[in-house]
Amino acid sequence: MRSSNPVFSRRGFSRDNGYAGFNTAPQAGGAAVGTQGNPYAQPQAGNPYAQNPYAQQGAQYGAPPQAPAATGRMTIDDVILRTGTTLGTLIVTAALAWALLPVDDANISRSYGIAIGAGLIGMVLALVQSFKRKASPALILSYAALEGVFLGVVSSVVDNRIASGAAMQAVIGTMAVFAAVLVAYKAGWIRVNRRFYGFVMAAALGFILLMAVNLLFAVFGGGDGLGFRSGPLGIVFGVIGILLGAAFLALDFKQVEDGIAYGAPREEAWLAAFGLTMTLVWIYMEFLRLISILNSSD
């Protein structure tokens, strides 16, 4: 199971063998297939989950473990609980930042400085967790708390100085995207496979590269850079960013599904929560940016 949102992941879906989670549903009567398809059942050195009794069962019989949930094995309840804890931490710190860091003319510079500092530290923590082999709940919750401070100030600025109600609109939009992708994924309308993963990764890297170039031009050339984040182009790229976020959600759902099916350890639920939180933050920020562009162009 990967450690985070695919933009920050160096290993793809499986920590141990790349695309082990794609199109690897074990077939009846084939032990070898079960071993290759289950990233938690690799009978080889270096696999931290090789001693998982449910994973060994899956490798032996060539199928994902179907045993009842037991202590030490990740369940959907674990994922929901950890995700709720992470998002709850983010929401609380965002609300505190909104209330305690005013964005009026006299205080906006100080509030911006605190928000940017929190955002940068949060980004560093996210990268550290992304490259760790195991989940660190303290690291994940610290990231969520700092990201909440950043989002609270940015949301307050947009809501109070650009478009009243923008924050709530962005929240509703994010929830709508989450619900739509979940329904589409469960209905089988979205099929997450190698091709899907490769396309999303290529699109995400291209998107981030363009945004980085735009930022550099804005910093050194002034104005809006190349215009990718303002005007008509900004609207187009805002929609693209939201669609990419929806694709990330499908990848996250696939990870959770594979982790539960193949007997991932319970601590993997923290990684699922981390990835989902990062994806939801991405979508929220793209909605907020799109709303601010639309209102600035009026």
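Scoring rules and cut-offs
- Think of each chain on its own: its residues are numbered from 1, step by step along the sequence as written.
- Two thresholds apply to this predicted model, a pLDDT of at least 70 for residue-level local features and 80 or more for giving and counting side-chain atom pairs, whereas whole-chain, interface and lining totals are computed over all residues.
- The side-chain quantities take in all heavy atoms of the structure and omit both hydrogens and water.
- Under the scheme used here, helices are H or I runs from DSSP no shorter than 4 residues and strands are E runs no shorter than 2 residues, and both carry numbers assigned from the N terminus.
- In this scheme, a helix's expected span is set at 1.5 Å multiplied by one less than its residue total.
- When accessible area is computed with a 1.4 Å probe and restricted to protein chains, residues below 20% of their type maximum are described as buried, those above 50% as exposed, and intermediate ones as partly exposed.
- Read the arc as the range of directions from the helix axis to the C-beta atoms.
- Any pair of residues with heavy atoms lying within 4.5 Å of one another is described as a contacting pair.
- Should a side-chain nitrogen of Lys or Arg be within 4 Å of a carboxyl oxygen of Asp or Glu, the pair is scored as a salt bridge.
- How sure the predictor is of each residue is captured by pLDDT, a score from 0 to 100.
- Only C-alpha atoms enter the line fits that serve as axes; for helices the fit covers just the stretch in contact. Angles between N-to-C directions range over 0 to 180 degrees.
- Definitions for this section: a left-handed crossing has its near helix turned counterclockwise from the far helix by less than a right angle. A right-handed crossing has that turn clockwise.
- Polarity classes work like this: nonpolar for Ala, Val, Leu, Ile, Met, Phe, Trp, Tyr, Cys and Pro, charged for Asp, Glu, Lys and Arg, and polar for all others, with Gly in that last group.
- For the purposes of this section, nonpolar cores are sets of buried Ala, Val, Leu, Ile, Met, Phe, Trp, Tyr and Cys residues that join through side-chain atoms within 4.5 Å.
- The scheme is simple: roughly parallel for angles under 35 degrees, roughly antiparallel for over 145, roughly perpendicular for 65 to 115, oblique for anything else.
- For patches, a residue must show more than 30% relative accessible area and have no salt bridge; joins then use 9 Å for like charges and 5 Å for nonpolar side chains, namely Val, Leu, Ile, Met, Phe, Trp and Tyr.
- Accessible areas in this description were obtained via Shrake-Rupley with a 1.4 Å probe; residue shielding takes into account the shown protein chains only.
- Two rings belonging to Phe, Tyr or Trp (six-membered ring only in the last case) form a pair when the distance between their centres is within 6.5 Å. Interplanar angles under 30 degrees mark stacking, angles over 60 mark edge-to-face geometry, and anything in between is tilted.

### Section: helix α6 (residues 166-186)
Reasoning step 1: Its 21 residues give α6 an end-to-end C-alpha distance of 30 Å, which sits within 8% of 30 Å, the value for a rise of 1.5 Å per residue.
Reasoning step 2: Of the positions making up α6, those classed as buried are Ala166, Ala167, Ala170, Gly173, Thr174, Val177, Val181, Ala184 and Tyr185. Taken down its axis, α6 places every buried residue within 125° of arc, on the same side. In α6, the exposed positions that point more than 90 degrees away from the buried face belong to Met168, Ile172, Met175 and Lys186.
Reasoning step 3: Looking at the buried residues of α6, the elements they touch are α3 (76-100), α5 (137-161), α8 (231-261) and α9 (268-296).
Reasoning step 4: Two residues or fewer past α6, glycine 188 is found with a positive phi of approximately 85°.

### Here we look at the pattern of salt bridges
Reasoning step 1: The full count for this structure, using the stated rule, is five salt bridges.
Reasoning step 2: With its nearest N and O atoms 3.6 Å apart, the salt bridge here joins arginine 82 to aspartate 78. Placement of both arginine 82 and aspartate 78 in helix α3 is noted, with a separation of four residues, approximately one turn of the helix.
Reasoning step 3: Residue class for arginine 82 comes out buried when judged on its relative accessible area of 16%.
Reasoning step 4: Residues joined by salt bridges that share partners form a network here, namely Asp78, Arg82 and Arg266.

### Side note on the confidence of the model for the protein
Reasoning step 1: Scored by pLDDT, the protein has a mean of 81; 75% of the residues are at 70 or more.
Reasoning step 2: Contacts from residues 42-63, a stretch scored under 50 in pLDDT, to residues over four places away or in other chains number 47 contacts.
Reasoning step 3: Across residues 65-69 the pLDDT falls below 50, and counting only partners more than four positions away or on other chains, this stretch makes twelve contacts in the model.

### Considerations on the packing of helix α4 (residues 108-131) against α5
Reasoning step 1: At a minimum axis distance of 8 Å, the contact between α4 and α5 shows a crossing angle of 145°. For the element pair α4 and α5, the recorded crossing hand is left-handed.
Reasoning step 2: Split by residue class, the contact of α4 with α5 holds 18 nonpolar, five polar and one charged.

### Remarks on the nonpolar core
Reasoning step 1: If you look at the biggest cluster of nonpolar residues, it comprises 57 residues, and the most contacted ones within it are Val79, Tyr143, Val177, Val181, Leu249 and Leu288.
Reasoning step 2: Counting residues per element, this core draws most heavily on α9, at 17 residues.
Reasoning step 3: Look past the residues within four positions of valine 79 in its chain and what remains in contact with it is Met74, Val256, Ala269, Ala272 and Leu276.
Reasoning step 4: Within the second largest apolar cluster, nine residues are counted, among which are Val103, Ala115, Ala118 and Val157.

### Some remarks on the packing of α6 against α9
Reasoning step 1: With their axes 8 Å apart at the nearest point, α6 and α9 run at an angle of 135° to one another. When the axes of α6 and α9 are compared, the pair comes out oblique. Note that α6 runs across α9; the crossing there is right-handed. Seen from α6, the contacting residues are Ala166, Ala167, Gln169, Ala170, Val171, Gly173, Thr174, Val177 and Phe178; seen from α9, they are Leu280, Ile283, Tyr284, Phe287, Leu288 and Ile291.
Reasoning step 2: Of the residues in the contact of α6 with α9, the class split is twelve nonpolar, three polar and no charged.

### Some words on the environment of valine 128
Reasoning step 1: Here valine 128 lies in helix α4.
Reasoning step 2: For valine 128, a relative accessible area of 38% gives the class partly exposed.
Reasoning step 3: Taking the C-alpha atoms as reference points, valine 128 and leucine 139, separated by eleven residues in sequence, lie 8.5 Å from one another.

### Here's the deal with a nonpolar patch on the surface
Reasoning step 1: The grouping of Met168, Val171, Ile172 and Met175 at the surface amounts to a nonpolar patch, some 400 Å² of accessible area in total.
Reasoning step 2: Counting through the fold element by element, isoleucine 172 comes out in helix α6.

### Quick look at the packing of aromatic side chains
Reasoning step 1: Applying the stated criterion across every chain yields a total of six aromatic pairs.
Reasoning step 2: When the centroid spacing of 5.5 Å and the interplanar angle of 80° are considered together, the rings of phenylalanine 178 and phenylalanine 253 count as edge-to-face. Linking phenylalanine 178 in helix α6 with phenylalanine 253 in helix α8, this pair joins segments that are 75 residues apart in sequence.
Reasoning step 3: Judged by its relative accessible area of 10%, phenylalanine 253 is buried.
Reasoning step 4: Ring geometry for phenylalanine 207 against phenylalanine 237: centres 6.2 Å apart, planes inclined by 45°, an arrangement best described as tilted. With phenylalanine 207 in helix α7 (residues 194-221) and phenylalanine 237 in helix α8, the pair connects residues that are 30 residues apart, well separated along the chain. Accessibility assignment for this pair places phenylalanine 207 and phenylalanine 237 in one class, buried.
Reasoning step 5: Here a set of aromatic residues connected by ring pairs shows up, and it is made of Phe207, Phe237, Phe248 and Trp282.

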